[in-house]
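So the chains spell out like this:
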Protein chains: 2
Amino acid sequence: MPTREQVHNFAAGPSPLPTTVLEEAALGLLNYEETGMGICELSHRGKEFKAVIEGAEADLRALLSIPENYTILFTQGGGTGQFSAVLLNLLSAHRLANPVPAEEFKPPVVDYVVTGSWSSKAYSEAQRLSLPPFPSCPSFSEPRIAASTKSTNWTRLPSKEEYNFNKDAAYIYYCENETINGIEFPPKPEDDSAFPFDLVPEGVNLVADYSSSFISRPIPNIEKHAVIYAGAQKNLGPSGVTVLIIRNDLLVDTTQASKLGCVPPVPITYEWKILADNGSLYNTPPTFPIYVSALVLKHLISEKGGLQGLEKTNKAKAELLYQTLDDAESKGKVKLVVREKSARSWMNVTFTIEGEGQEKKFLEGAEKRGFRQLKGHRSVGGIRASIYNAVTLDSINLLCEYIKEFCGK
Amino acid sequence: MPTREQVHNFAAGPSPLPTTVLEEAALGLLNYEETGMGICELSHRGKEFKAVIEGAEADLRALLSIPENYTILFTQGGGTGQFSAVLLNLLSAHRLANPVPAEEFKPPVVDYVVTGSWSSKAYSEAQRLSLPPFPSCPSFSEPRIAASTKSTNWTRLPSKEEYNFNKDAAYIYYCENETINGIEFPPKPEDDSAFPFDLVPEGVNLVADYSSSFISRPIPNIEKHAVIYAGAQKNLGPSGVTVLIIRNDLLVDTTQASKLGCVPPVPITYEWKILADNGSLYNTPPTFPIYVSALVLKHLISEKGGLQGLEKTNKAKAELLYQTLDDAESKGKVKLVVREKSARSWMNVTFTIEGEGQEKKFLEGAEKRGFRQLKGHRSVGGIRASIYNAVTLDSINLLCEYIKEFCGK
């Protein structure tokens, strides 16, 4: 029966958390800061939990250098919930900014950059929610694909000339890192596959799903974004909490927009403004996931050198693993899924093992060595090594040794 | 600095949890069943977590005797999320059951029984989401108040003759226990303030918010309900997970309903069918809150005598505390908020301390004796002792002694 030290957890999410954080959380579960009560047993409106959530917000703002004109929110429903909330809130914001009579109002375009499974799902959700509510009515919006790499099976990112943004779009949407496919926008603007911030039309809101690369390295051009969101369960904390970073002018009263007409109704828990007005405490928040996230943030700042430290370590981890896999590929033993090198994710490394029965053999050998949760997503197959913040360079070294051994040195 | 044993936690939610459960959860946080990984670090699709969620479902079904034609779901967003989801899913179900052309379709009435703060909020949300999407369109539904005790400030429940249900309503909604006001429908049908199941028109869907009385005693007439839901953070587990019990015919494809028109669009995470089709794992669930809830269910079944044992203990706890308060009231020292005796909640006991400065004095004395989180909700004031499953009869005895002492024996 293995200890934590004997196991190397490459889960895609929920993902490993730092042991010291979990040890502190285990104490907090029984008796939080000597209150005689556990963290899950305290009112979310009491002074103890308020200090937790406000501390998490301040630490996150410092860690990511989030400008003052953005609000940080903690909510529920995951990235999938925000697929809906992004459309609902930004259509309301667009409507309030265009308060013409309903009969003069034209449903706006919303632009999606589709580079993998998650951005595909976000686009589908925009289509679902935009259906005309009555056959005699227009659609609520016109979801468009502004760029897609589906034809090459998500193995690369669009090049600059493939983007086609609409200057009147209510927003442009992209997913920074596609967890399932292992593809990520490179941070350097000189890379051809970098996200083309310079092509975003002035005044158009830019939305990024950062779920699986959040706080793994700096966010390029954070101030060019309208909204950034992330599920916690990769780099930040346990599943059940979602972090939103929203430019303050987009915290709008959706009921007011509904009264103007031509927008879909917004369930109150998905209205960003009501969350903001109540400091993320409009209704009972997921207190334990927020608490552990707060502990992780403190740990990253004090023990891991903040975002610069994380960037350095994560870069080294990814480079080592990709180099090992490139070597193995040159020997014909493995194949990397993402063909465009600069688009390879630092967080989710996807590859296949070549040869009949070899994948099974690889996974069995991995299991024996204490490597866990390496099986690829059911929609892609193969192997996926997710190497989030809490996965150490030591674990990567051991995995690389095993890959070399498996492929014959 | 107090230990857990020195503290008596009367929080309204999040609420106390059994110490043995928290001790087990603290171990599971670091190394779940000797996997070398903590429960928060395991894939929600792996065999370990599947066993947890399926076990929780089976235990809950057994505990509450939930009939086979109901599906149990675990989701996010709290009771407030379900204020929206109830309307959205049941309007879609109603539309699919009435597939006439859009121009012939008449928006249905939805009936609300309003007996306190939470049912008021649920009603307001139905109004928000029903607004006509375009000025030329009808409303999506017509929310009606089928009974209300607002005029008596939620200090009693409606009597039978005050209900006015619509036989064509898409559903009837009530809140079984109003956490803030401390009012609850009595379980015995002979009580005048019992919920009038016999008045519910045949074929009309009945929806109950059971958030703060869930698994505290049997649910009367469970099979007469279409939907029952509850946030976990009172009797079941940590905040962040919501339990739904839904009659199978109401698991409908809301996109199909949207295509027929005349219904509001449904964010995918609030569609019950997609949750059911994926065994509550459509998107990443709040794994830790579900895990602790699963442990609590096992504890209630094996240590607390199941629902009959809980009912007996909870009845004894409530009777003792109300008797003590009635005696104190007769001495003019306190005043119970809920004036109708049979409508007094077993879970949330609300009262005020009479006399200038006496409430502050009462709370200070309570704090010294280890009583915590007794302050009433900010909208009601006074004192609220929430005495959920994890609050022991011993704690109630100590609180009663203090009340007697405070009032002068």
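The preceding data block contains the structure.
In this text, all values refer to a predicted model and were calculated from it rather than measured experimentally.

(A) Examining the overall build of chain A more closely. Looking only at helices and strands, chain A has 10 helices and 14 strands in total. Here the C-alpha radius of gyration of chain A, 22 Å, is about what a compact globule of 409 residues would show, namely 22 Å. With respect to the three principal axes, the spread of C-alpha positions in chain A is 70 × 60 × 35 Å. The buried share among the 409 residues of chain A stands at 65%. Summarising the internal contacts of chain A: among those between residues at least 6 apart in sequence, 70% fall at separations of at least 24. A total of about 14,900 Å² of accessible surface is found on chain A, and carbon and sulfur atoms cover 50% of it. If you average the places of the 42 positive and of the 48 negative side-chain charges in chain A, the two averages end up 5 Å apart.

(B) Inspection of the state of the cysteines at higher detail. Following the criterion strictly, the structure yields zero disulfides over all chains and no others. Looking at Cys 400 of chain A, it has no disulfide partner, and the nearest cysteine sulfur is the one in Cys 407 of chain A, 11 Å off.

(C) Main features of the relation of the copies chain B and chain A. Under the fitted operation, chain B is carried onto chain A by 0.0 Å of movement along the axis and a turn of 180 degrees, and the coordinates agree to an RMSD of 0.0 Å. In symmetry terms, the pair is related by a two-fold rotation axis. Minimal C-alpha distance to the rotation axis in chain B is attained by Ala 26 of chain B, lying at 2.3 Å.

(D) Looking closely at the pattern of salt bridges. On inspection of all chains with the given rule, the structure shows 38 salt bridges over all chains. For Asp 326 of chain B, the salt bridge is made with Lys 341 of chain B, and the minimal N-O distance between the two is 3.5 Å. Taken together, the residues Asp 326 of chain B in helix H8 (residues 306-330) and Lys 341 of chain B in the loop between strand E11 (334-336) and strand E12 (348-353) connect sequence positions 15 residues apart. Ionic pairing is found between Asp 326 of chain B and Arg 344 of chain B, a salt bridge with its closest N-O pair at 3.2 Å. Pair noted here: Asp 326 of chain B is in helix H8 and Arg 344 of chain B is in the loop between E11 and E12, with a separation of 18 residues, a long-range link. Here the residues in one salt-bridge network are Glu 176, Glu 184 and Arg 217 of chain A, joined through shared partners.

About the cut-offs
Residues numbered from 1 in each chain as written. Chains lettered and ligands numbered in written order. Predicted model: local features only at pLDDT ≥ 70, side-chain atom pairs only at ≥ 80, totals over all residues. Heavy atoms only, no water. Helix = DSSP H or I, 4+ residues; strand = E, 2+ residues; numbered from the N terminus. Rg over C-alpha atoms; globule rule 2.2 N^0.38 Å. Buried < 20%, exposed > 50% of the residue type's maximum accessible area, 1.4 Å probe, protein only. Contact = heavy atoms within 4.5 Å. Areas by Shrake-Rupley, 256 points an atom, 1.4 Å probe, with all protein chains shown as cover. Lys, Arg positive; Asp, Glu negative; His and termini not counted. Charge placed at Lys NZ, Arg CZ, Asp CG, Glu CD. Disulfide = S-S within 2.5 Å. Least-squares fit on C-alpha atoms with pLDDT ≥ 70 in both. Salt bridge = Lys/Arg side-chain N within 4 Å of Asp/Glu carboxyl O.

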